[in-house]
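Topology and contacts: notes
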Amino acid sequence: MLANFILGMPGYGSIILIALVVLLIFGGKKIPELMRGLGGGIKEFKDATKEGKEDKDQIDSTK
């Protein structure tokens, strides 16, 4: 059973357990701030990958 939890896809019970542990560790007030930071990081990553792709396209067009 434990190997199935570790190796398999998490089910609803596992997701609820993980959410409760996160809530207990960080508290209800800190979670929205953490999610905003995570969202900002993802946005910066997407912008950086778009910028890198545009730079590569410009280099390829000059050849």
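Predicted model only: the values in this text are computed from it and were never measured.

1. Let's talk about the environment of Phe26
Note that Phe26 resides in helix α2 (residues 12–26). Take Phe26: its relative accessible area is 43%, and that puts it in the partly exposed class. The contacts of Phe26, once residues within four sequence positions are left out, are Ile31 and Leu34.

2. Regarding the confidence of the model for the protein
Summary statistics for the protein give a mean pLDDT of 78 and a share of 71% for residues scoring 70 or more. At the low end of the mean pLDDT range in the protein sits helix α1 (residues 2–7), at 58; at the high end sits α2, at 87.

Analysis parameters
- Residues numbered from 1 in each chain as written.
- Predicted model: local features only at pLDDT ≥ 70, side-chain atom pairs only at ≥ 80, totals over all residues.
- Heavy atoms only, no water.
- Helix = DSSP H or I, 4+ residues; strand = E, 2+ residues; numbered from the N terminus.
- Buried < 20%, exposed > 50% of the residue type's maximum accessible area, 1.4 Å probe, protein only.
- Contact = heavy atoms within 4.5 Å.
- pLDDT = per-residue confidence, 0-100.

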